[in-house]
Every structure is written in structure tokens, then in C-alpha cells.
Amino acid sequence: MNRTRRRKLSLFRWVVLVVLGLFFLLPLYAMLEFTTRGADGRTAEVWTTLANWGQIQEDYPDLSAGVVYSLEQAALTAVLMLVLLVPTMVWVRLRLPWLRRPMEFLCLLPLTIPAIVLVVGLAPVYAWVTYLISGSSLWLTFAYVILVLPFAYRALDAGLAAIDVKTLSEAARSLGAGWGTVLWRVVLPNIRSAVLSAAFLSVALVLGEFTIASLLNRENLQVAINLLGKSSATISVAVSLVSLVLAFVLLFALSFVGGRRRSKEAS
């Protein structure tokens with residue numbers, strides 16, 4: 001009975017994996033098939049164009065600017081989020097434990113607010129930023145930090161919950177280490193996988209964000225793809241496919257990091 005049950009369970013798992021694989025891979029294949037269509041059959045002209053960055057800058061300047069802006073926004077968002085969250089969360093755990101619930105509520109609050117509602121509140125702020133400083137799309141970084149807070153907070157909170165932060169910090173302090181040393185050389189190495197998880201999630205979210213950038217008339221990859229779709233559908237679909245695959249790779253790397261962490265803890 002147990003052997004038969006295990007076989008049925010294994011068969012069920014494979015069926016679920018195959019169905020989900022087809023559900024996700026068939027649209028990607030359709031996108032790839034569309035980008036290789038040509039008047040005389042299959043062609044790789046679109047992909048050779050994407051592989052030539054100089055040609056993209058010359059023929060599709062909006063796309064090249066969107067790619068650069070999105071990469072810069074993703075990097076700045078990940079760095080700013082970590083600089084903001086990691087010291088704050090560690091300090092709250094060590095000195096202000098009664099603030100954990102209010103902080104969790106504030107960090108998870110963006111999940112309940114649609115992006116289009118956030119834009120209503122952010123539009124006057126960015127209008128003043130444009131008037132006083134500049135209209136650069138890099139200022140979207142601050143809005144994106146708000147968007148990634150729930151996901152980054154959960155990842156970092158799980159990492160901090162897996163270690164005894166108080167004992168480690170007290171031991172380091174008793175040996176003469178300052179708070180900066182405690183954070184940089186004691187806490188961060190122990191939550192390295194959580195930090196990477198938060199950074200990967202932030203990058204994936206920023207690379208796929210469209211609503212805020214579009215409504216605030218800023219540039220990023222998704223806005224450029226949307227504009228490009230009106231003039232060159234094949235290039236637009238090809239860039240969308242690359243963006244989806246990149247997000248998949250980041251999430252796969254995230255699961256790999258989590259798997260390594262669990263295997264180390266088990267050993």
C-alpha cells in the first residue's frame with residue numbers, strides 16, 4: 001500500500017510539474033517563435049540586433065535609455081533598501097523590540113495600496129523634485145524602495161529570525177567591537193543569503209515595474225517596451241522575452257541561495 005501510494009504521489013507530482021511547465025513555457029515559446037518570423041522563413045535578425053548594443057543605441061535610443069535607467073534604478077533600489085532596512089531591523093531587535101509589530105505593519109502596508117494610488121500621492125512630490133532638482137528617472141528609486149519594502153522585509157526578517165542576533169552582538173561588544181563592526185562583520189555574514197534574497201527580489205520587481213514610471217512620465221525598460229511595441233512589435237516582444245527570462249533567472253538564483261542555506265543549516 002505504501003509503495004503504491006508513493007508511486008501515485010510521484011506520478012501526481014510529475015503531472016503537476018509538466019502542466020505548470022507547459023503553462024509557463026508555451027507563452028515564452030510563442031514569443032520566441034514570433035520574433036523569428038521572416039518573409040522568407042525563420043530569421044535571427046531581431047536577436048542579432050539585440051546582441052549589438054551600438055546598433056540598439058543608434059536605431060532604438062529610447063530602448064537603450066530605458067535599459068540603462070532600469071539597471072541603474074534596480075541597483076540603487078537594492079542598495080538603498082538594504083542600507084535602510086538592515087541596520088533598522090537589527091537595532092529594533094536589539095534595543096526596541098516593542099517596535100517590531102508597528103515596523104512590520106508599515107513595511108507590509110505597500111502591499112495593500114495599489115501602485116496607481118501611490119502615484120496619486122507621489123505625483124505632487126515628484127513635481128516639486130522636478131522643479132527644484134531635475135526630472136531624471138533615477139528619482140524613481142525612492143518610489144521603488146517603497147514598493148519593494150514588503151518583499152525585502154520578509155526576506156530579511158526570516159534571516160534575522162534564524163540567528164540569535166542579541167547573543168552575537170553582545171559577544172562582539174564584550175570583545176570591544178563597535179556597532180559598525182558588529183553589523184558589518186558579525187550580523188551581515190550570518191544573514192548573507194537573506195540579504196541576497198532581498199536584493200534579487202528588489203531587482204526583479206524594479207525591472208518589471210511599469211505603472212508608476214508610466215504615470216509619472218519617467219523612463220524605464222517597461223515604458224520603453226510599451227512605446228517600442230507601437231513601432232516595432234518584434235523587437236518589443238524580443239526585449240520582453242529577455243526581461244522575463246532574466247527575472248526567471250533571478251528567482252531561480254534566489255531559490256538556489258535558499259536551498260544552499262537550508263542544506264548548510266541541516267549539516
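Here's what I pulled together on the structure shown here. Being a predicted model, the structure only gives us computed values, none of them experimental.

Below, the discussion takes up the overall build of the chain. Within the chain, the regular secondary structure consists of 13 helices and two strands. Projected onto its principal axes, the C-alpha coordinates of the chain cover approximately 75 × 75 × 35 Å. Taken over 267 residues, the chain has a buried fraction of 35%. Sequence separation of at least 24 residues holds for 75% of the intrachain contacts in the chain that already meet a minimum separation of 6. For the chain, the exposed surface amounts to about 16400 Å²; the carbon and sulfur share of it is 67%. Counting 23 positive and 14 negative side-chain charges, the chain places the centres of these two groups 20 Å from one another.

One finds Met81, Leu85, Leu156 and Ile191 to be the most contacted residues of the largest nonpolar core, which totals 28 residues. When contributions to this core are tallied by element, the ones reaching two or more residues are helix H4 (61–95), helix H5 (100–108), helix H7 (140–161), helix H8 (165–174), helix H9 (179–190) and helix H10 (192–207). The biggest single contributor to this core is H4, with eight residues. The residues touching Ile191, leaving out its near neighbours within four places in the chain, are Val86, Gly159, Leu160 and Ile163. Of all hydrophobic cores here, the second largest spans 20 residues; its members include Ala74, Leu118, Val119 and Val203.

Turning to the environment of Leu241, a few remarks are in order. Mapped onto the elements, Leu241 comes out in helix H13 (residues 233–266). When the C-alpha positions of Leu241 and Leu28 are compared, they lie 6.8 Å apart, and in sequence the two are 213 residues distant. Those residues within four positions of Leu241 in sequence are excluded, and the remaining contacts are Leu28, Met31, Leu32 and Trp47.

Taken N-terminus to C-terminus, the directions of H4 and helix H12 (residues 221–228) make an angle of 160 degrees; their axes are 7 Å apart at the nearest point. As far as their axial angle goes, H12 and H4 are roughly antiparallel. Here H4 and H12 pass one another in a crossing that is left-handed. For the pair formed by H4 and H12, the contact residues are Asp62, Leu63, Gly66, Val67 and Ser70 on the first element and Leu221, Ala224 and Leu228 on the second.

Taken as a whole, this structure holds four aromatic pairs when the rule is applied. Taking the centre distance of 5.3 Å and the plane angle of 85 degrees together, the rings of Phe23 and Phe24 count as edge-to-face. Centroid distance Trp91 to Trp179: 5.7 Å. Interplanar angle 80 degrees. Geometry classified as edge-to-face. Here Trp91, found in helix H4, pairs with Trp179, found in helix H9; they are 88 residues apart in sequence, far enough to count as distant. Using a relative accessible area of 41% as the deciding quantity, one classes Trp91 as partly exposed. Using a relative accessible area of 31% as the deciding quantity, one classes Trp179 as partly exposed.

Take the side chain of Ser169 next. Inspection of the secondary structure puts Ser169 in helix H8. Residue classification places Ser169 among the buried residues on the basis of a relative accessible area of 3%. Ignoring anything within four residues of it in the chain, the contact list for Ser169 reads Leu94, Trp179 and Val182.

Moving on: unusual backbone geometry. Non-glycine residue Asn217 carries a positive phi angle of around 60 degrees. As for its placement among the helices and strands, Asn217 is situated in the loop between helix H11 (211–215) and H12.

Cut-offs applied
Residues numbered from 1 in each chain as written. Predicted model: local features only at pLDDT ≥ 70, side-chain atom pairs only at ≥ 80, totals over all residues. Heavy atoms only, no water. Helix = DSSP H or I, 4+ residues; strand = E, 2+ residues; numbered from the N terminus. Buried < 20%, exposed > 50% of the residue type's maximum accessible area, 1.4 Å probe, protein only. Contact = heavy atoms within 4.5 Å. Areas by Shrake-Rupley, 256 points an atom, 1.4 Å probe, with all protein chains shown as cover. Lys, Arg positive; Asp, Glu negative; His and termini not counted. Charge placed at Lys NZ, Arg CZ, Asp CG, Glu CD. Core = buried A, V, L, I, M, F, W, Y, C linked by side-chain atoms within 4.5 Å. Axes fitted to C-alpha atoms, helices over the stretch in contact; angles between N-to-C directions. Parallel < 35°, antiparallel > 145°, perpendicular 65-115°, else oblique. Left-handed = near helix turned anticlockwise from the far one by under 90°. Phe/Tyr/Trp six-rings, centres within 6.5 Å; stacked < 30°, edge-to-face > 60°.

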